[in-house]
Amino acid sequence: MRNDMVFKEIDQHSMRAPPLTKESLPRLVEYLVAYADNSFEKVRAFYVWITHNINYDTSGYFNRAPLRPTDPDSVLANRVTVCEGYCRLFAAFCSEAEIPAKIICGYAKSYGYQPGDDVMRDSHNTHAWNSVYIDNDWFLVDVTWGAGFVKSKERKYVSRFTNAYFLTDPEVFITDHFPFPVKSFERYESDTKWQLLEKPFSALEFCSVVNFDQCGKDWGIRSLTHHKAIIYNIEYEIDIELETMHTNISDFLAFLYEGERKIDNFIFACMPTDKTVRVHVCMPGRGVFTLQVYARRQRDSPRGDFQPIVKYILQCNKSFDQPLTYPTHHTLYGPVKELAKYGIDSIEQGVYHVADDGEIIFSVKPKRYIDIFPRLHFQDHTIDLKNYCFVDHSDCGMFLNVIVRLRYEGHYKLVLFGKQENSSTFTPFASYLIKCTKACIDGVFPDAHDYALKYKCCILEPLIKALYPSAEVLFCVKSPIAKSLKCNGTVLTKKDDGTFEGTVKIPGDDCTVVVEGCGLDGIFHCLYSYHVDTQLDKF
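All of these numbers come straight from a predicted model, not from anything done at the bench.

> Provide a residue-level description of helix H6 (residues 83–96), including the pertinent values.
Under the 1.5 Å per step criterion, the end-to-end length of H6 is 20 Å for 14 residues, consistent within 8% with the ideal 20 Å. Counting buried positions over the 14 residues of H6 gives 11, a clear majority of the element. Of all the residues in H6, the buried ones are Cys-83, Glu-84, Gly-85, Tyr-86, Cys-87, Leu-89, Phe-90, Ala-91, Ala-92, Phe-93 and Cys-94.

Given below as structure tokens:
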């Protein structure tokens with residue numbers, strides 16, 4: 001369902017049913033439909049009441065005790081039953097309200113199902129559900145699974161309401177419900193027509209189709225690229241794309257397993273659009289791997305738990321001899337959706353970048369004055385790389401440039417931090433994955449100070465912190481705001497385009513060289529600082 005809030009009043013009415021009404025099926029149905037304006041609302045009332053009041057008969061199901069009767073009156077009295085009892089009670093409610101309903105039987109991918117399981121070989125996978133006729137059309141309902149699920153290993157019932165099985169899209173329902181004749185349910189419907197599909201699935205298609213987890217179904221997430229649970233003949237890498245149909249998802253993450261062992265650093269995820277997520281896997285080797293994708297809704301963030309969405313089995317035939325691992329990053333790459341809160345108008349959208357010469361620039365267009373704090377990580381090493389990131393204005397003054405130098409070949413993670421309006425805390429607003437194919441031989445950047453950004457400075461020369469002693473060095477800085485600039489007492493000449501430049505004689509001893517600037521107030525502030533390195537060979 002796109003929005004269960006349309007049934008809010010009916011849901012609340014159903015869950016407030018007085019105790020006396022629960023003793024009589026006709027009286028209970030009369031109460032449930034009292035405020036319903038149409039058959040959809042009546043069926044919704046039945047679904048909500050049953051899923052909140054009837055528990056699963058685990059003792060009978062696992063042969064610890066005789067099965068409880070499944071006729072509607074007994075189910076209503078005992079409040080415990082198996083799937084047949086749930087279906088018969090739902091059908092009885094519909095009959096009392098003069099709404100046509102059928103009980104369908106077949107096989108289902110129950111709790112604990114794994115991709116590749118032969119569902120139709122195990123009698124524990126036999127199941128029953130309903131189809132209901134509303135406004136000249138048939139719809140699919142599973143009140144049993146709407147109420148909760150059974151953990152087979154623990155032989156325990158977990159009561160957990162979900163909308164995933166209320167009037168479910170037949171194309172979604174077929175991924176875990178397959179109508180088929182079952183001896184114990186032979187009096188119920190089992191024809192393929194109850195798939196309600198124009199092109200019915202075969203048993204083989206049913207067993208192989210990817211089956212989204214409960215939250216994946218409930219939140220309307222579907223696959224755009226891979227519709228089978230097992231993906232064969234993968235070579236080197238694979239991209240799997242999912243689409244969110246009607247739920248706002250704030251975050252995705254994915255884990256890769258080989259057997260029970262979790263394999264880190266071979267996956268990254270991003271959202272190319274507001275509705276699509278791409279999970280990229282660099283296969284760590286040849287063999288069989290399991291990919292589990294998780295998501296978190298926007299309304300549950302930032303403290304809500306991630307929920308399982310879908311699982312794939314990946315079978316790889318070819319892999320890189322020495323695949324480059326990715327830095328650990330348990331969230332999406334790319335910019336956050338609320339960039340405006342950080343005072344940002346636009347930013348680089350692509351998440352994977354290749355630096356062929358060891359240097360790369362990311363441009364940010366601000367809406368107001370902002371501070372950016374970049375943090376660079378090389379794979380999962382703890383090397384301090386803060387001096388290899390530099391934040392400066394573009395020469396036109398409209399953009400902030402984050403310039404990054406990459407010392408080693410391999411993958412880097414760049415995270416940009418900023419402050420939301422009226423906040424004093426730096427939080428990440430964008431993250432990028434960078435592949436360096438050739439390491440940068442230049443040294444670290446000079447230190448940039450607050451007024452360099454306030455004066456919208458763009459330093460053109462020099463962009464290396466270490467200066468040769470006793471050398472003559474050209475300094476060139478562009479600023480549309482600063483009125484005067486000087487370096488170690490030498491005033492830089494201002495040109496018409498706002499560029500300040502001049503040649504400065506560097507001291508011969510180990511010291512700091514500072515570029516200062518002033519505005520209309522005439523007070524000079526430190527913009528950039530350099531270090532004279534007496535260990536450098538001048539020649």
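> Quick rundown of the sheet that holds strand E15 (residues 267–270)? Include the residues and the values.
The strand order across the open sheet formed by 4 strands is E10-E12-E16-E15, and the pairing between neighbours is antiparallel. Each end of this open sheet is capped by a strand with a single partner; those strands are strand E10 (221–223) and E15. Recorded for the sheet is a direction-independent mean angle of 25° between the axes of neighbouring strands. The pairing of E15 with strand E16 (residues 276–282) spans 4 bridges and is classified as antiparallel. From the neighbouring strand, Ala-269 faces E16, where its bridge partner is Val-279.

> Before we move on, can you summarise the pairing of strand E18 (residues 307–318) with the specific residues and values?
When a strand is regular, its side chains alternate between the sheet's two faces. Note: strand E11 (residues 230–235) against E18, 4 bridges, orientation parallel. Residue pairing in the sheet places Ile-231 in a bridge with Leu-314 of E18. Judged from the 9 bridges that link them, strand E17 (residues 287–297) and E18 form a sheet pairing that is antiparallel. Bridge pairing in E18 places Phe-289 opposite Leu-314.

> Account for the sheet that holds strand E14 (residues 261–263), with residues named and values stated.
Taken in spatial order, the 5 strands line up as E11-E18-E17-E13-E14 in an open sheet, and their pairing is mixed. The sheet is open, and its two edges are formed by E11 and E14, each paired on a single side. Direction aside, the axes of adjacent strands within the sheet are offset by 35° on average.

> Hey, could you go over the packing of helix H2 (residues 25–32) against H6 for me, with residue numbers and the actual values?
Contact geometry for H2 and H6: axes closest at 10 Å, N-to-C directions at 70°. Between H2 and H6, the angle is such that the two are roughly perpendicular. H6 is crossed by H2, and the crossing has right-handed handedness. On H6, the residues touching Leu-25, Pro-26, Leu-28, Val-29 and Leu-32 of H2 are Leu-89, Ala-92, Phe-93 and Glu-96. When grouped by side-chain class, the residues that make up the contact of H2 with H6 number 8 nonpolar, no polar and 1 charged.

> Describe in detail the packing of aromatic side chains, supporting the description with residues and values.
Counted under the stated rule, the structure contains 34 aromatic pairs. Geometrically, the ring pair formed by Tyr-236 and Phe-320 is tilted, given 4.9 Å between the ring centres and 35° between the ring planes. On the criterion of sequence distance, the pair formed by Tyr-236 in the loop between E11 and strand E12 (237–244) and Phe-320 in the loop between E18 and strand E19 (334–335) is long-range, its members being 84 residues apart. Exposure remark for Tyr-236: the relative accessible area of 32% places this residue in the partly exposed category. Look at Phe-255 and Tyr-294: their rings are 5.9 Å apart centre to centre, the planes differ by 70°, and that puts the pair in the edge-to-face class. Residue Phe-255 is found in strand E13 (residues 249–258), and its partner Tyr-294 is found in strand E17; the two are separated by 39 residues along the sequence. By relative accessible area, which is 15% here, Phe-255 ends up buried. Here the aromatic residues Tyr-56, Tyr-61, Phe-62, Tyr-86 and Tyr-157 are joined through ring pairs into a cluster of three or more.

What counts and how
- Residues numbered from 1 in each chain as written.
- Predicted model: local features only at pLDDT ≥ 70, side-chain atom pairs only at ≥ 80, totals over all residues.
- Heavy atoms only, no water.
- Helix = DSSP H or I, 4+ residues; strand = E, 2+ residues; numbered from the N terminus.
- Expected span 1.5 Å × (residues − 1).
- Buried < 20%, exposed > 50% of the residue type's maximum accessible area, 1.4 Å probe, protein only.
- Pairing = 2+ DSSP bridges.
- Axes fitted to C-alpha atoms, helices over the stretch in contact; angles between N-to-C directions.
- Parallel < 35°, antiparallel > 145°, perpendicular 65-115°, else oblique.
- Left-handed = near helix turned anticlockwise from the far one by under 90°.
- Contact = heavy atoms within 4.5 Å.
- Nonpolar A, V, L, I, M, F, W, Y, C, P; charged D, E, K, R; others polar.
- Phe/Tyr/Trp six-rings, centres within 6.5 Å; stacked < 30°, edge-to-face > 60°.

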